[in-house]
Amino acid sequence: MNKIALLGALTLILLAPLAGAEEAKPLRIGMDAAYPPFGFKTPDGQLVGFDYDIGNALCAEMQVKCVWVEQEFDGLIPSLKVRKIDAALSSMSITEDRLKSVDFSNKYYHTPGKLAMKAGTVINDPVLDLKGKKVGVQRATTYDRYASAELAPAGVEVVRYGSQNEVFLDLAAGRLDASLADIINNNDGFIKTDAGKGFALVGPDFSNPKYFGNGAGIALLKGNKALAEKFNLAIAAIRANGKYQQVQDKYFTFDVYGQ
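(A) Broad picture of the overall build of the protein chain. A count of helices and strands for the protein chain gives 11 helices and 12 strands. Along the first, second and third principal axes, the C-alpha set of the protein chain runs to 85 × 35 × 35 Å. Considering only residue pairs separated by 6 or more positions, the protein chain has 69% of its internal contacts joining residues 24 or more positions apart. Put simply, the protein chain shows about 13,000 Å² of open surface, and 54% of that area lies on carbon and sulfur atoms. Charged side chains in the protein chain number 29 positive and 29 negative. The centres of these two groups are separated by 4 Å.

Below you can see the structure in the form of structure tokens.
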């Protein structure tokens, strides 16, 4: 009996490091690094942005190590489904359509969409006033979904791109008439840059929950309620302890969290 007990104790000792390693497993977070000011890279290749800083603040709150995985936006959910990443934190709107295939945390910000076009352009009704024009959207975004459902049938030519930066390049070059994207991304990522001189935000806000959801959340594998709850508690904590405000003030001069 003593030998059996000794063997059992040795087994537990040998397995203990494995259990500890499992608990310390890094959290792999996917992000599109071509979506300023939410996610982008510095000239020396460092990841930065609101999403990046919020993600690091959440991981610190949860006391887990973050490993960031760069991925084009339209590949984030597929990567999540095949478990290449554990979460996608990349300005992904919480929509009914996406909730069919992934789960989400609570929102961590909520801003409307807007058109970026030549300054002086008047857009009252996008469905009518954009007819015959070329509108660029990032593939697989809520803006792509809206444009496909509402603008394309009305005679608008919808041009899809792998990244929002590609939209901006073609808009600046005159190959597009408009960029439809998040108001902050269009403004900070394009209009405020040298390439965006002569352009402005025009027309109404795009915020219909049917297409644009109810804010940006962290996408998770379907059924991973435990991780969703950890993120929810961490979001609430950084909102309460001032860390969220610190990150927000680094990038914006208004309340990006929304109503």
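(B) Looking closely at the environment of Gly-203. Here Gly-203 is to be found in strand β11 (residues 199-206). When the C-alpha atoms of Gly-203 and Thr-121 are compared, they prove to be 8.5 Å apart, with 82 residues separating the residues in sequence. Excluding its chain neighbours within four sequence positions, the residues that come into contact with Gly-203 are Lys-114 and Ile-123.

(C) Seen up close, the sheet that holds strand β6 (residues 102-104). One open sheet holds the five strands; their spatial order is β4-β1-β5-β12-β6, and the pairing between them is mixed. Because the sheet does not close on itself, it has two edges, and the strands there are β4 (66-70) and β6. Within the sheet, the average angular offset between the axes of one strand and its neighbour, ignoring direction, is 35°. Summarising the sheet, strand β1 (residues 27-31) and strand β5 (residues 87-93) pair through two bridges and their orientation is parallel.

(D) Examining the state of the cysteines more closely. Scanning all chains against the criterion turns up one disulfide. Through a disulfide, Cys-59 is tied to Cys-66; the S-S separation comes to 1.8 Å. Residues Cys-59 and Cys-66 are joined by a disulfide whose S-S torsion is about 85°; by sign, that bridge is right-handed. The pair Cys-59 / Cys-66 is uniform in exposure class, with both members buried.

(E) Broad picture of the side chain of Gln-138. Positionally, Gln-138 belongs in strand β8 (residues 134-138). With relative accessibility at 2%, the residue Gln-138 sits in the buried group. Among the polar contacts listed, one links the side chain of Gln-138 to the side chain of Asp-32, at a separation of 2.8 Å. The residues touching Gln-138, leaving out its near neighbours within four places in the chain, are Asp-32, Tyr-35, Phe-73, Asp-144, Tyr-161, Gly-162, Ser-163, Gln-164 and Val-167.

(F) Region of the structure containing the packing of helix α2 (residues 50-62) against helix α11 (residues 243-251). Two elements in contact, α2 and α11, have axes separated by 10 Å at closest approach and are oriented at 165°. Classified by the angle their axes make, α2 and α11 are roughly antiparallel. Considering how the two elements wind past one another, α2 and α11 form a crossing that is right-handed. Touching Phe-50, Asp-53, Ile-54 and Ala-57 of α2 are Lys-243, Tyr-244, Val-247, Gln-248, Lys-250 and Tyr-251, all from α11. Within the contact of α2 with α11, the residues separate by chemical class into six nonpolar, one polar and three charged.

(G) View of helix α8 (residues 183-191). Every buried residue of α8 is listed here: Ile-184, Asn-185, Asn-186, Gly-189, Phe-190 and Ile-191. In this fold, the buried residues of α8 make contact with β7 (113-118), α7 (164-172), β10 (178-182) and β11. Capping the start of α8 is the job of one residue whose side-chain oxygen sits 2.8 Å from the backbone nitrogen of Ile-184: Asp-182.

(H) Summary view of the nonpolar core. Ranked by size, the top nonpolar core spans 35 residues in total, and within it Phe-50, Leu-58, Tyr-108, Ile-218 and Phe-231 carry the most contacts. Elements with a contribution of two residues or more to this core: β1, α2, β4, β5, β12 (216-221), α10 (225-241) and α11. Not counting residues within four places of it along the chain, the set of residues in contact with Phe-50 comprises Pro-37, Phe-38, Tyr-108, Tyr-109, Tyr-244, Val-247, Gln-248, Tyr-251, Phe-252 and Val-256. Leu-130, Val-156, Leu-180 and Tyr-211 belong to the second largest nonpolar core, which has 18 residues in total.

(I) The packing of aromatic side chains, seen in detail. Evaluation of the coordinates by the stated rule reveals 22 aromatic pairs. With centroids separated by 5.8 Å and ring planes inclined at 85°, the aromatic side chains of Phe-50 and Tyr-109 adopt a geometry described as edge-to-face. One end of the pair, Phe-50, is in helix α2; the other, Tyr-109, is in the loop between β6 and β7, with 59 residues separating them in the sequence. Side by side, Phe-50 and Tyr-109 carry an identical accessibility label, which is buried. Against the face of Tyr-257 rests Lys-107, its NZ or CZ located 4.3 Å from the ring centre. Sitting over the ring of Tyr-257, Arg-239 keeps its end group 3.6 Å from the ring centre.

How each quantity is defined
- Residues numbered from 1 in each chain as written.
- Predicted model: local features only at pLDDT ≥ 70, side-chain atom pairs only at ≥ 80, totals over all residues.
- Heavy atoms only, no water.
- Helix = DSSP H or I, 4+ residues; strand = E, 2+ residues; numbered from the N terminus.
- Contact = heavy atoms within 4.5 Å.
- Areas by Shrake-Rupley, 256 points an atom, 1.4 Å probe, with all protein chains shown as cover.
- Lys, Arg positive; Asp, Glu negative; His and termini not counted.
- Charge placed at Lys NZ, Arg CZ, Asp CG, Glu CD.
- Pairing = 2+ DSSP bridges.
- Axes fitted to C-alpha atoms, helices over the stretch in contact; angles between N-to-C directions.
- Disulfide = S-S within 2.5 Å.
- Buried < 20%, exposed > 50% of the residue type's maximum accessible area, 1.4 Å probe, protein only.
- Polar contact = N/O pair within 3.5 Å; in protein donor to acceptor, adjacent residues only side chain to side chain.
- Parallel < 35°, antiparallel > 145°, perpendicular 65-115°, else oblique.
- Left-handed = near helix turned anticlockwise from the far one by under 90°.
- Nonpolar A, V, L, I, M, F, W, Y, C, P; charged D, E, K, R; others polar.
- Core = buried A, V, L, I, M, F, W, Y, C linked by side-chain atoms within 4.5 Å.
- Phe/Tyr/Trp six-rings, centres within 6.5 Å; stacked < 30°, edge-to-face > 60°.
- Lys NZ or Arg CZ within 6 Å of the ring centre and 35° of its normal.

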